[in-house]
Amino acid sequence: MRLRTLSGIKLSNLLLGGWSGLVLLYLYLPILLLVAYSFNDSRMSVVWEGFTFQWYRQLYAELAAHLGDERRSPLIESLSNSVIIASITTALSVALGTAGAWLLHRYRFPALRSLTTLIFIPMIIPEIIMGISLLIFFKTVEVELGFTTVIISHVTFCFPFVLIAVQARLAGLDPALEEAAMDLGATPLKAFFLVMVPYLLPAIVAGALMSFTLSMDELIVTYFTTGPRSQTLPIKVFGMAKLGLNPTLNTISTVFIVTTAMLVVVAESLKGTARRLPGGG
């Protein structure tokens, strides 16, 4: 009976493992094919004609020319817009998310639950609804679509991720840290920046990396709030993809995938570090 039970458990684990493998294959096989075809020596992306690095060399040449102001490539221009928007979005999201998490942790007031719910709504609301609502808002207040509107839109759904990361770190906070600093003569503001911020730094960095990744990848909300001179890389790639297959798209997408994966891995590593530190929960 015991042997049958063990064999049944092994069979169950085997079936579950096989099913999980099929699900992962279904999810990641298109991405792996895209990465593989970024090394294809054919201008027709669906026909394999050999291995090459020419599309990566071409991308590097366009980037170098753009940085040297020799030739303004529309693709590199959109990449530059994405990096600028994502950087500003990350800075604002970190400031708002960290301050918001600290205030929600430090103070208690009647509308706390309602305010927390409102903060987290942008994380769960469908992106197309959020994009349309932001577009209506900007048109109502007569704000011209451009970098400002895109940054505001990205901050709206990015800063809650910073807030959540910082709140998780604050859950294991020892109140004696701040009290000790103030007993030694620090003002509440100095205690926050000299004691609390270093303590929260792993969570802040993790939230910042997540915000940067989300901003760089965002398509739908950006589509509704961007202007002609503030198009990001996802918007440009989306427009190019509708005109036909292009090997450069595979190359750009591969760089995007690798960069995003690296940022997510670093963010998760920092979250793990924060949990292992004293008081990390």
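As shown above, the structure is provided for reference.
Note that the structure is a prediction, hence the values are computed from the model and not measured.

For Ser38, the position within the fold is in the loop between helix 1 (2–37) and helix 2 (54–67). Of the residues examined, Ser38 reaches a relative accessible area of 0% and is grouped as buried. In terms of polar contacts, Ser38 uses its side chain to reach the backbone carbonyl oxygen of Val35, at 2.5 Å. Of note is the side chain of Ser38, whose polar atom sits 3.4 Å from the side chain of Thr254.

This model, assessed by the stated rule, comprises seven aromatic pairs. Here Tyr223 and Phe224 contribute two aromatic rings whose centre-to-centre distance is 5.7 Å and whose plane-to-plane angle is 90°, an arrangement assigned as edge-to-face. The partly exposed category is assigned to Tyr223, whose relative accessible area is 49%. For the pair Tyr223 and Phe238, a centre-to-centre distance of 6.5 Å together with 85° between the ring planes defines the contact as edge-to-face. Here Tyr223 is found in helix 9 (residues 220–225), whereas its partner Phe238 is found in helix 10 (residues 233–243), with 15 residues between them in sequence. Through a chain of ring-to-ring contacts, the aromatic side chains of Phe39, Phe51, Phe53 and Tyr56 assemble into a single cluster. A cation over an aromatic ring shows up here: Arg169 above the ring of Tyr199, its NZ or CZ 3.9 Å from the ring centre.

The backbone phi angle of Glu142 is positive, close to 60°, even though this residue is not glycine. Take Glu142: it is sitting in the loop between helix 5 (127–140) and helix 6 (147–170). Judged by its relative accessible area of 72%, Glu142 falls in the exposed class.

Right, let's talk about the packing of helix 3 (residues 74–106) against helix 6 for a bit. At a minimum axis distance of 6 Å, the contact between helix 3 and helix 6 shows a crossing angle of 40°. The pairing of helix 3 with helix 6 is recorded here as oblique in orientation. The two elements helix 3 and helix 6 cross, and the hand of that crossing is right-handed. Counted by class, the contact of helix 3 with helix 6 contains 18 nonpolar, nine polar and no charged residues.

For the rest of this paragraph, the subject is helix 6. The terminal C-alpha atoms of helix 6 lie 33 Å apart, and with 24 residues this matches the ideal 34 Å at 1.5 Å per residue to within 8%. At Thr156, helix 6 shows its largest kink, close to 35°, and the proline Pro160 lies no more than four residues downstream.

Quick look at helix 4 (residues 112–124) now. Along its 13 residues, helix 4 runs 19 Å from first to last C-alpha, staying within 8% of the 18 Å computed at 1.5 Å per residue. Here helix 4 has its buried residues at Leu112, Thr116, Ile119 and Pro122. Tucked inside the fold, the buried residues of helix 4 contact helix 3, helix 5 and helix 6.

Glancing now at the packing of helix 5 against helix 6. Between helix 5 and helix 6, the shortest axis-to-axis distance is 11 Å and the interhelical angle comes to 135°. By the angle between their directions, the pair helix 5 and helix 6 is classed as oblique. Crossing of helix 5 over helix 6 shows right-handed handedness. Facing Met130, Leu134 and Phe138 of helix 5, the residues of helix 6 in contact are Thr149, Ile152, Ser153, Thr156 and Phe157. For the contact of helix 5 with helix 6, the class distribution of residues is five nonpolar, three polar and no charged.

Cut-offs applied
- Residues numbered from 1 in each chain as written.
- Predicted model: local features only at pLDDT ≥ 70, side-chain atom pairs only at ≥ 80, totals over all residues.
- Heavy atoms only, no water.
- Helix = DSSP H or I, 4+ residues; strand = E, 2+ residues; numbered from the N terminus.
- Buried < 20%, exposed > 50% of the residue type's maximum accessible area, 1.4 Å probe, protein only.
- Polar contact = N/O pair within 3.5 Å; in protein donor to acceptor, adjacent residues only side chain to side chain.
- Phe/Tyr/Trp six-rings, centres within 6.5 Å; stacked < 30°, edge-to-face > 60°.
- Lys NZ or Arg CZ within 6 Å of the ring centre and 35° of its normal.
- Axes fitted to C-alpha atoms, helices over the stretch in contact; angles between N-to-C directions.
- Parallel < 35°, antiparallel > 145°, perpendicular 65-115°, else oblique.
- Left-handed = near helix turned anticlockwise from the far one by under 90°.
- Nonpolar A, V, L, I, M, F, W, Y, C, P; charged D, E, K, R; others polar.
- Expected span 1.5 Å × (residues − 1).
- Bend = angle between axes of the 7 residues up to and from the residue.
- Contact = heavy atoms within 4.5 Å.

Taken by themselves, the reported measurements are silent on function.
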